[in-house]
Amino acid sequence: MEIMEKFITIIQYLILGIVQGVTEPIPISSSGHIVIFRELFGIETKGLSFEIFVNFASLLAIIIIYWKDIVRLIKNGFLYIVKKDPDAKSDFQFIIYLIIATIPVGVVGVLFGDALGEALSDDPVVVGYTLLITAAAVWTIRNLRGRKADGDLTTKDAVIVGLAQAIAVTPGISRSGATIVASMLLGMKQETALRFSFLLYIPVSLGTTILEVPELVESAEFQSLLIPNIVAFIAAFIATYFALKWFMNIMARGNLKYFSYYCLVVGILVIIFL
């Protein structure tokens, strides 16, 4: 019986890892879906250690996909600082805008992160309503085609996208959805909106992971479920990689309305049945 229980736990965590990986890069809220699936399967994951761990897996997948952009930004940022190379100015400014956009969610995380996470992370009804908000937000940009490229961004753009990301700490409000919606409403091209959104995810996720690693390692619950957590981590990494590649193609074809339909249907079902 004990072996069967361990096997079932591994399967449950495998499912949660896949859910996290698939939903992280697309605008349907990974945190909201984790809440829903925990409720459906009756899985206990106390605190935020599990979410932080699988989010780190998604972070690694996103870094791999955007590795060339990251290397280019670091290289050109350094060139501009040292040599004032005019050709590197655009990338240097892009880095500055990423830093500015990171500040709002950092402030929210420091001031309200734990309280907000504990208050909302286990309430599927809240997720149902916030998924409806995500559906409406994604619907507003379904036909937008912006003109702003990387070099056309402004401090105002960075602040607004940063505020959108801060709002997305609420489960059910998609982080990628919030930042992409804000970026598109500000007139960014789809490619620029995607790049800015996912490069913005890197410092936030990395910072959260670094801050929580000591607590994560010392957590008795995490250690007792080490194998299921590792399974979830691997699943989240693989699923995030392929989901983001797929979402890039979806963005290029302009089929965002289907994500809006999905969030609408799931939000209504969660409110009614959970």
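Counting of residues starts from 1 at the beginning of each chain's written sequence and follows it residue by residue. With pLDDT at 70 or above as the cut-off, local features in this predicted model cover only qualifying residues; side-chain atom pairs require 80 or more to be listed or tallied, and sums for whole chains, interfaces and linings still use all residues. Side-chain calculation: all heavy atoms of the structure are included, whereas hydrogens and water are not.

Student: Would you mind showing me how to read the overall build of the protein here?
Tutor: A run of H or I in DSSP becomes a helix once it reaches four residues, and a run of E becomes a strand once it reaches two; helices and strands are each numbered from the N terminus. Scanning the protein from N- to C-terminus turns up twelve helices and zero strands. For the protein, the succession of helices and strands along the chain, N to C, is α-α-α-α-α-α-α-α-α-α-α-α. Compactness check: the protein gives a C-alpha radius of gyration of 19 Å against a globular reference of 19 Å for 274 residues, within 12% of the reference. Each of the three principal axes of the protein carries a C-alpha extent, and together these read 65 × 40 × 35 Å. At a minimum sequence separation of 6, the contacts of the protein that also span at least 24 residues come to 81%. Roughly 13600 Å² of accessible area belongs to the protein as shown, and the carbon and sulfur atoms make up 69% of that amount. Charged residues are defined here as Lys and Arg on the positive side and Asp and Glu on the negative side; His and the ends of the chain fall outside this count. For charged residues, the charge sits on one atom: NZ in Lys, CZ in Arg, CG in Asp, CD in Glu. Positive and negative side-chain charges in the protein, numbering 20 and 22 respectively, have mean positions lying 16 Å apart. Taken over C-alpha atoms, the radius of gyration is set against a globule rule of 2.2 Å times the number of residues to the power 0.38. Residues count as neighbours in contact if any of their non-hydrogen atoms are within 4.5 Å of one another. Here the Shrake-Rupley method, with its probe set to 1.4 Å, supplies the accessible areas, and only the displayed protein chains count as covering residues.

Student: Even after reading the chapter, I still don't get the side chain of serine 30, so can you show me in this structure?
Tutor: In this structure, serine 30 sits in helix α2 (residues 30-41). Each residue gets one of three labels from its accessible area relative to the maximum for its type: buried under 20%, exposed over 50%, partly exposed in between, using a 1.4 Å probe on protein chains only. On the basis of relative accessible area, serine 30 is assigned to the buried category, the value being 11%. What serine 30 contacts, discounting residues up to four positions off in sequence, is Gln20, Thr23 and Glu24.

Student: Even after reading the chapter, I still don't get α2, so can you show me in this structure?
Tutor: Side chains three or four residues apart in an α-helix point the same way, a direct result of the helix having 3.6 residues per turn. For α2, built from twelve residues, the straight-helix expectation of 16 Å at 1.5 Å per residue is met to within 8% by its first-to-last C-alpha distance of 16 Å. What α2 keeps buried is the set Ser30, Gly32, His33, Ile34, Val35, Ile36 and Arg38. After α2 finishes, the residue glycine 42 shows a positive phi value of roughly 65°. To estimate the expected span of a helix, subtract one from its residue number and multiply by 1.5 Å.

Student: Mind showing me how you'd approach unusual backbone geometry here?
Tutor: If a residue is not glycine, its phi is most likely negative; likewise, a peptide bond is most likely trans. Unlike most non-glycine residues, serine 29 shows phi in positive territory, near 75°. For serine 29, the location among the structural elements is in the loop between α1 (2-23) and α2.

Student: Help me understand the packing of helix α3 (residues 49-65) against helix α11 (residues 226-253), please; the structure alone is not making it clear to me.
Tutor: The packing of two helices is summarised by the inter-axis angle and the distance between the axes. Axes here mean lines fitted to C-alpha atoms, for a helix over just the part in contact, with angles spanning 0 to 180 degrees between N-to-C directions. At a closest axis distance of 8 Å, the pairing of α3 and α11 adopts a crossing angle of 40°. Here α11 runs oblique to α3, going by the angle between their axes. Classified by chirality, the crossing of α11 by α3 is right-handed. Contacts between α3 and α11 involve Phe50, Phe53, Val54, Phe56, Ala57, Ser58, Leu60, Ala61, Ile62, Ile64 and Ile65 from the first element and Asn229, Ile230, Ala232, Phe233, Ala236, Phe237, Thr240, Tyr241, Leu244, Lys245 and Met248 from the second. In the scheme used here, Gly and all other residues not listed as nonpolar or charged are polar, with Ala, Val, Leu, Ile, Met, Phe, Trp, Tyr, Cys and Pro taken as nonpolar and Asp, Glu, Lys and Arg as charged. Grouping the constituent residues of the contact of α3 with α11 by class yields 18 nonpolar, three polar and one charged. In these notes the angle categories are as follows: under 35 degrees is roughly parallel, over 145 is roughly antiparallel, 65 to 115 is roughly perpendicular, and the rest is oblique. Throughout, a crossing is termed right-handed when the near helix is turned clockwise from the far one, and left-handed when it is turned anticlockwise from it by less than a right angle.

Student: Can you walk me through helix α12 (residues 257-273) in this structure?
Tutor: Between its first and last C-alpha atoms α12 spans 24 Å; for 17 residues at 1.5 Å apiece the expected length is 24 Å, and the two agree. Taken as a whole, α12 has its buried residues at Phe259, Ser260, Cys263, Val266, Gly267 and Val270. Down the axis, α12 shows its buried residues gathered within 140° of arc, on one side only. More than 90 degrees from the buried face of α12, the exposed residues found are Ile272 and Phe273. Buried positions along α12 lie against α2, α6 (124-140) and α11. Within this analysis, the arc is defined by the directions that extend from the helix axis to the C-beta atoms.

Student: Quick question: what am I supposed to make of the nonpolar core here?
Tutor: Core analysis: the largest hydrophobic core is formed by 49 residues, its most contacted members being Tyr66, Ile180, Phe196, Phe198, Leu199, Phe247 and Phe259. In terms of residue count, helix α9 (residues 190-218) provides more of this core than any other element does, eight residues in total. Not counting residues up to four positions away in its chain, the partners in contact with phenylalanine 247 are Pro25, Ile26, Pro27, Ile180, Leu194, Phe198, Leu256 and Phe259. To qualify as a nonpolar core, a set must consist of buried Ala, Val, Leu, Ile, Met, Phe, Trp, Tyr and Cys residues joined through side-chain atoms within 4.5 Å. Tyr13, Phe53, Val54 and Phe222 belong to the second-largest nonpolar core, a separate cluster that totals 15 residues.

Student: How should I be thinking about a nonpolar patch on the surface in this particular structure?
Tutor: There is a patch of nonpolar side chains on the surface, built from Leu40, Phe41, Leu264, Val265, Ile268, Leu269, Ile272, Phe273 and Leu274 and spanning about 840 Å² of accessible area. Elements with a minimum of two residues in the nonpolar patch: α2 and α12. Broken down by element, the nonpolar patch gets its largest block of residues, six residues, from α12. For phenylalanine 41, the location among the structural elements is in helix α2. Like charges are joined within 9 Å and nonpolar side chains (Val, Leu, Ile, Met, Phe, Trp, Tyr) within 5 Å, but only among residues with over 30% relative accessible area and no salt bridge; these make up the patches. The rule for a salt bridge is simple: a side-chain nitrogen of Lys or Arg has to be within 4 Å of a carboxyl oxygen of Asp or Glu.

Student: Looking at this structure, I do not really get the packing of aromatic side chains. What am I missing?
Tutor: Within a pair of aromatic rings, the relevant descriptors are the distance that separates the centres and the angle that separates the planes. Aromatic pairing here means that ring centres of Phe, Tyr or Trp (its six-membered ring) are within 6.5 Å. Orientation follows from the plane angle: under 30 degrees is stacked, over 60 is edge-to-face, and everything else is tilted. A complete count under the given rule lists ten aromatic pairs for this structure. Geometrically, the ring pair formed by phenylalanine 247 and phenylalanine 259 is edge-to-face, given 5.6 Å between the ring centres and 80° between the ring planes. Of this pair, phenylalanine 247 sits in helix α11 while phenylalanine 259 sits in helix α12; the two residues are twelve residues apart in sequence, bridging distant segments of the chain. Here phenylalanine 247 falls in the buried class, since its relative accessible area comes to 0%. Residue phenylalanine 259 is classed as buried on the basis of its relative accessible area of 7%. Taking the centre distance of 6.0 Å and the plane angle of 80° together, the rings of tyrosine 258 and tyrosine 261 count as edge-to-face. Residue tyrosine 258 and its partner tyrosine 261 are located together in helix α12, separated by three residues, close to a single helical turn. In this structure an aromatic cluster arises from ring pairing among Phe53, Phe56 and Phe233. Criterion for a charge above a ring: Arg CZ or Lys NZ at most 6 Å from the ring centre, at most 35 degrees from the ring normal. Positioned over the ring face of tryptophan 139 is arginine 142, at 3.7 Å from the centre of the ring.

Note that all results are geometric; they support no functional claim without further evidence.
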